[in-house]
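Spelled out, the chains give:
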Amino acid sequence: DGVAWARRDLPVDGTADPGVEPAGIAVADGTVVVTGFDGASDGPPLVWLVPVGGAPVAVEADGFPAGSRLSQVIAGPAGFVAAAAPSGEGTSPPPIWVSADGSAWNPVLDPFEGDTTVTGLLGSPSGYVAVVAGEDGNRFGLWTSEDGVEWTDRADQDSVFTLLDGTAGDLYADLSG
């Protein structure tokens, strides 16, 4: 109902460091996915599933490269999409990861052109939108996907807004003029 709130502590194995930080949250089909990272280690990102009314469960994130962070997570028609970034000087992970249910994650190799960083994600019932910064940090682009795997570069904002539906789509259409 949005009025009554309950605290849910996230289980973190193998660390007593308070450097563990949640970074993203999304909900679909009665399951909440929370992503995070341990700022004190170069381990894989942290992912938790929180069933509605249930206790949080840590997900094995062994498939992610060490030292990567999941900075954002969204839900859409094909499940969850997360943006990954390196936590330091390590190897850059694939920028997009997908999961049907939040429990098993697969990388999307080279979804965008060149060396890029995902700076924003938006999910809607009709698809996903990613704001992507180029390698120089000055060039930004909008990319869309219906499944989180195949991405299309959108040169104009109108093509993005027609893909969004519901309140978010109406809001963005109002803001665009």
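Since the structure is predicted, the reported quantities are computational estimates derived from the model, not experimental observations.

Colleague: Quick question: what am I supposed to make of the overall build of the chain here?
Modeller: Along its length, the chain carries two helices and twelve strands. Traced from its N-terminal end to its C-terminal end, the chain shows the element sequence β-β-β-β-β-β-β-β-β-β-β-β-α-α. Out of the 177 residues in the chain, the part that is buried amounts to 40%. A sequence separation of at least 24 residues applies to 36% of the contacts in the chain between residues at least 6 apart. Roughly 9800 Å² of accessible area belongs to the chain as shown, and the carbon and sulfur atoms make up 51% of that amount.

Colleague: Explanation requested: the packing of aromatic side chains in the structure shown.
Modeller: The description of an aromatic ring pair rests on the distance of the ring centres and on the angle between the ring planes. The tally for this structure, following the rule as stated, stands at four aromatic pairs. Considering the side-chain rings of Phe-64 and Trp-105, the 6.5 Å spacing of their centres and the 50° angle between planes classify their relative orientation as tilted. In this pair, Phe-64 is assigned in the loop between strand S4 (57-59) and strand S5 (68-76) and Trp-105 in the loop between strand S7 (96-99) and strand S8 (106-108), connecting sequence segments 41 residues apart. According to the relative accessible area criterion, Trp-105 is buried, its value standing at 10%.

Colleague: Hey, could you run me through the sheet that holds strand S11 (residues 140-145) in this one?
Modeller: Working definition: the strands of a sheet are paired by backbone hydrogen bonds and lie parallel or antiparallel to each other. Taken together, the four strands give an open sheet; going across it, the order is S9-S10-S11-S12, and neighbouring strands pair in antiparallel fashion. Both edges of this open sheet fall to strand S9 (117-124) and strand S12 (152-154), since each of them pairs with a single strand only. Neighbouring strand axes in the sheet, compared pairwise and without regard to direction, differ in orientation by 30° on average. The pairing of S9 with strand S10 (residues 127-133) spans seven bridges and is classified as antiparallel. Across the sheet, residue Ser-124 finds its bridge partner in S10, namely Gly-127.

Colleague: Sorry, what's going on with the environment of Pro-94 here?
Modeller: Looking at the element boundaries, Pro-94 is found in the loop between strand S6 (79-86) and S7. Given a relative accessible area of 19%, Pro-94 falls into the buried group.

Colleague: Explanation requested: the nonpolar core in the structure shown.
Modeller: A general trend in soluble globular proteins is that nonpolar side chains are found buried together. Val-33, Leu-70, Val-73, Phe-80 and Trp-105 are the most contacted members of the largest nonpolar core, which totals 15 residues. Of all elements in the fold, only strand S3 (46-51), S5 and S6 reach the threshold of two or more residues within this core. Val-81, Ile-96, Val-118 and Val-132 belong to the second largest nonpolar core, which has 14 residues in total.

Colleague: Which parts of the structure should I look at to understand the pairing of S5?
Modeller: Residues in a regular strand point their side chains to alternate faces of the sheet. Sheet analysis places S5 next to S6, joined by eight bridges and oriented antiparallel. Directly across from Gly-76, in S6, lies its bridge partner Gly-79. Counted along the chain from S5 to the antiparallel partner S6, the turn is two residues long.

Colleague: Can you help me understand unusual backbone geometry in this one?
Modeller: When glycine is set aside, most residues are seen to have a negative phi, and most peptide bonds are trans. One non-glycine residue with positive phi stands out, namely Asp-29, at about 50°. Examined against the element boundaries, Asp-29 turns out to sit in the loop between strand S1 (20-28) and strand S2 (31-38). If you check the backbone angles, Asp-110 has positive phi at about 50° while not being a glycine.

Rules behind the numbers
Residues numbered from 1 in each chain as written. Predicted model: local features only at pLDDT ≥ 70, side-chain atom pairs only at ≥ 80, totals over all residues. Heavy atoms only, no water. Helix = DSSP H or I, 4+ residues; strand = E, 2+ residues; numbered from the N terminus. Buried < 20%, exposed > 50% of the residue type's maximum accessible area, 1.4 Å probe, protein only. Contact = heavy atoms within 4.5 Å. Areas by Shrake-Rupley, 256 points an atom, 1.4 Å probe, with all protein chains shown as cover. Phe/Tyr/Trp six-rings, centres within 6.5 Å; stacked < 30°, edge-to-face > 60°. Pairing = 2+ DSSP bridges. Axes fitted to C-alpha atoms, helices over the stretch in contact; angles between N-to-C directions. Core = buried A, V, L, I, M, F, W, Y, C linked by side-chain atoms within 4.5 Å.

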